[in-house]
Amino acid sequence: MPSFNEFDYRFMQQALTLAREAPSIGEVPIAALLVREGLVIAEAHNRRETLQDPTAHAELMVIQEGARLTRSWRLTGTTLYVTLEPCTMCIGAIVLARIPRLVFGATDPKAGACGSVMNIPPEPRLNHRVDVAGGLCAEESQNLLQEFFRQLRRDTTRREQG
């Protein structure tokens, strides 16, 4: 069972608040925060639709911003908070960026690569290990995603009927 601390809850709530903003611009409500020494150094929600970029996942956006701000591709001493279990692309970037700790909310049974579909973090052949703690505020994160897709289906049905 993963162990979470008071900072984990605070930062995950902050990520969920950011995720709630995404639907207003047509984005899926997934968000990430990169934290170092108790301070958020980068935050983002998904921007795939806005940028028409399949790689514009929240995790990649904060990794890029964190590297730019710290002037280092090695993001040691950080924790990445994300509202949904990372996919293979994102966990690959997390490993390559040397992020030591990942905390995520809901699992992703279709694309999750931290235990759901695949489990990349403990892969012994990789040169970096990520400490993963999943399930924090999972129900809240999952509900946010489910409501977004319910609304999307309702809107699509209205357009088709209308």
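Heads up: the structure comes first, above all this text.
These lines cover the structure that appears in this document, whether it is placed above or below.

1. Concerning helix H5 (residues 138–161)
Argument step 1. An ideal rise of 1.5 Å per residue puts 34 Å on 24 residues; H5 measures up with 35 Å between its terminal C-alpha atoms.
Argument step 2. Every buried residue of H5 is listed here: Ser141, Leu144, Leu145 and Phe148.
Argument step 3. Buried residues along H5 sit in contact with helix H1 (6–21), strand S3 (78–84) and strand S4 (101–106).

2. Some thoughts on the packing of H1 against H5
Argument step 1. Close contact between H1 and H5 brings their axes to 11 Å; oriented N to C, the two are set at 5°. Taken together, the axes of H1 and H5 are roughly parallel relative to one another. Residues Gln13, Leu16, Ala19 and Arg20 of H1 form the contact with H5, whose own contacting residues are Glu140, Ser141 and Leu144.

3. Side note on the pattern of salt bridges
Argument step 1. Following the criterion strictly, the structure yields six salt bridges and no others.
Argument step 2. The salt bridge involving Arg20 is made with Glu140; its shortest N-O contact spans 2.4 Å. Remark: Glu140 occurs in helix H5 and Arg20 occurs in helix H1; sequence separation between them is 120 residues.
Argument step 3. Under the relative-accessibility criterion, Arg20 is labelled partly exposed at 39%.
Argument step 4. Between Glu147 and Arg154 there is a salt bridge whose closest N-O contact spans 2.9 Å.
Argument step 5. Residue classification places Glu147 among the partly exposed positions, given a relative accessible area of 36%.
Argument step 6. Here the salt bridges share partners, and the residues they tie into one network are Glu147, Arg150 and Arg154.

4. Looking at unusual backbone geometry
Argument step 1. The residue Arg71 is not glycine, and still its phi comes out positive at about 60°.
Argument step 2. With a phi angle near 65°, Arg98 is a residue other than glycine that sits in the positive phi range.
Argument step 3. Along the chain, the position of Arg98 falls in the loop between helix H4 (88–96) and S4.

5. So, the environment of Ala22
Argument step 1. Structurally, the position occupied by Ala22 is in the loop between H1 and strand S1 (31–36).
Argument step 2. In this structure, the C-alpha to C-alpha distance between Ala22 and Ile63, residues 41 residues apart in sequence, is 18 Å.
Argument step 3. Filtering out sequence-adjacent residues up to four positions away, Ala22 remains in contact with Glu27, Val28, Pro29 and His45.

6. Here's the deal with the packing of aromatic side chains
Argument step 1. Here the structure, examined in full by the defined rule, presents three aromatic pairs.
Argument step 2. Ring plane angle 70° and centroid distance 6.2 Å describe the contact between Phe4 and Tyr9, whose orientation is recorded as edge-to-face.
Argument step 3. Since its relative accessible area comes to 23%, Phe4 is described here as partly exposed.
Argument step 4. When the ring of Phe148 is compared with that of Phe149, the centres are 5.0 Å apart and the planes differ by 80°; the resulting orientation is edge-to-face.
Argument step 5. A residue is classified by how much of its surface remains accessible, and Phe148, at 13% relative accessible area, is buried.
Argument step 6. Exposure remark for Phe149: the relative accessible area of 34% places this residue in the partly exposed category.
Argument step 7. Here the guanidinium or amino end of Arg10 rests over the ring plane of Phe11, the centre of that ring lying 4.5 Å away.

Thresholds, definitions, all that
- Residues numbered from 1 in each chain as written.
- Predicted model: local features only at pLDDT ≥ 70, side-chain atom pairs only at ≥ 80, totals over all residues.
- Heavy atoms only, no water.
- Helix = DSSP H or I, 4+ residues; strand = E, 2+ residues; numbered from the N terminus.
- Expected span 1.5 Å × (residues − 1).
- Buried < 20%, exposed > 50% of the residue type's maximum accessible area, 1.4 Å probe, protein only.
- Contact = heavy atoms within 4.5 Å.
- Axes fitted to C-alpha atoms, helices over the stretch in contact; angles between N-to-C directions.
- Parallel < 35°, antiparallel > 145°, perpendicular 65-115°, else oblique.
- Salt bridge = Lys/Arg side-chain N within 4 Å of Asp/Glu carboxyl O.
- Phe/Tyr/Trp six-rings, centres within 6.5 Å; stacked < 30°, edge-to-face > 60°.
- Lys NZ or Arg CZ within 6 Å of the ring centre and 35° of its normal.

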